[in-house]
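Here are the chains, one letter per residue:
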Amino acid sequence: MPATTDAKHCYCGNDKPFAQCCEPFLTFKDKPRSVRQLVRARYCAYALGAGHHREFLLRTWHPGTVREVSVADLTNDTLLWQGLEILRAEQRDDRGVAEFKAFYRQDENGPLLVHHERAMFHRIKGLWLYVEGQVREGTQAE
Ligand SMILES: [Zn+2]
């Protein structure tokens, strides 16, 4: 079951409908212009099913690190994503950094867990790409 949304809020938590927020990125109608937009869109891809949005995730991954990503990683989308909190998103020229928390459960009755990541981004030919991140995984949310 994907994360919930309503008419006013995107899955990423933004105060805009999905159709005017992350959907155009996931369907390649538009491309994220900022690190913050890319973090939101990639979160949505995971929340809606990494297997289903594998193409988007792979295309927004830096070619230098994407080869470490296995198809199995992206198909193993059984986690229930519950929300995104962007703590920090900064960019300068073609380099960006974002720190965010993505909340999830392993099953409906499981505790709320946090994927806390500090991620690096590069912009190549006008396209923001995820390079890599330092992750603190699986700690319980307060
Ligand atoms: Zn969004």
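Above: the structure in question.
Since the model is a prediction, treat every value here as computed from it, not as a measurement.

Asks: Account for unusual backbone geometry, naming residues and giving values.
Replies: A positive phi is found at Phe28, a non-glycine position, where the angle reads about 65 degrees. Its location among the elements puts Phe28 in the loop between helix H1 (23–26) and helix H2 (35–49). Backbone geometry at Lys125 places phi at a positive 50 degrees, although glycine is not the residue there. With respect to the helices and strands, the residue Lys125 is situated in the loop between strand S3 (113–124) and strand S4 (127–140). Classification of Lys125 by relative accessible area gives exposed; the value is 83%.

Asks: Any details on the coordination of the zinc ion? Residues and values, ideally.
Replies: Those protein atoms acting as donors to the zinc ion are Cys10 (SG), Cys12 (SG), Cys21 (SG) and Cys22 (SG), and they sit at 2.3 to 2.4 Å. If you look at the zinc ion, its four donor atoms make angles of 104 to 116 degrees with each other, and the shape they trace is tetrahedral. Within one chain, the residues donating to the zinc ion are spaced in sequence as C-x1-C-x8-C-C. Residue Cys22 is classed as buried on the basis of its relative accessible area of 0%.

Asks: Report on the nonpolar core, specifying residues and quantitative values.
Replies: One broad rule of soluble globular proteins: the nonpolar side chains tend to lie buried together. Of all hydrophobic cores here, the largest spans 34 residues; its most connected members are Cys12, Cys22, Val39, Cys44, Leu84 and Phe121. Those elements giving two or more residues to this core turn out to be H1, H2, helix H3 (54–59), strand S1 (80–92), strand S2 (95–105), S3 and S4. The element contributing the most residues to this core is H2, with eight residues. Apart from the residues within four sequence positions on either side, Cys22 is in contact with Cys10, Cys12, Arg40, Ala41 and Cys44.

Asks: Any details on the pattern of salt bridges? Residues and values, ideally.
Replies: Tallying each qualifying case throughout the model produces five salt bridges. For Glu99, the salt bridge identified is with Arg88, shortest N-O distance 3.8 Å. Here Arg88 lies in strand S1 and Glu99 lies in strand S2, a separation of 11 residues in the sequence. On the basis of relative accessibility, which here comes to 26%, the residue Arg88 falls in the partly exposed class. Linking Arg123 and Asp94 is a salt bridge whose minimum nitrogen-to-oxygen distance equals 2.8 Å. With Arg123 in strand S3 and Asp94 in the loop between S1 and S2, the pair connects residues that are 29 residues apart, well separated along the chain. One salt-bridge network, in which partners are shared between bridges, spans Arg88, Glu90 and Glu99.

Asks: Before we move on, could you go through the packing of aromatic side chains and cite the residues and values that matter?
Replies: Scanning all chains against the criterion turns up seven aromatic pairs. Taking the centre distance of 5.0 Å and the plane angle of 80 degrees together, the rings of Tyr11 and Phe18 count as edge-to-face. Pair check on accessibility: Tyr11 and Phe18 agree, each one buried. Geometrically, the ring pair formed by Phe121 and Tyr130 is edge-to-face, given 5.8 Å between the ring centres and 70 degrees between the ring planes. The residues Phe121 and Tyr130 share a single accessibility class, namely buried.

Quick notes on the rules
Residues numbered from 1 in each chain as written. Predicted model: local features only at pLDDT ≥ 70, side-chain atom pairs only at ≥ 80, totals over all residues. Heavy atoms only, no water. Helix = DSSP H or I, 4+ residues; strand = E, 2+ residues; numbered from the N terminus. Buried < 20%, exposed > 50% of the residue type's maximum accessible area, 1.4 Å probe, protein only. Donors = N, O, S within 2.8 Å, 3.2 Å for Na, K, Ca; no water. Tetrahedral: all angles 85-135°; square planar, octahedral: opposite > 155°, others 65-115°. Core = buried A, V, L, I, M, F, W, Y, C linked by side-chain atoms within 4.5 Å. Contact = heavy atoms within 4.5 Å. Salt bridge = Lys/Arg side-chain N within 4 Å of Asp/Glu carboxyl O. Phe/Tyr/Trp six-rings, centres within 6.5 Å; stacked < 30°, edge-to-face > 60°.

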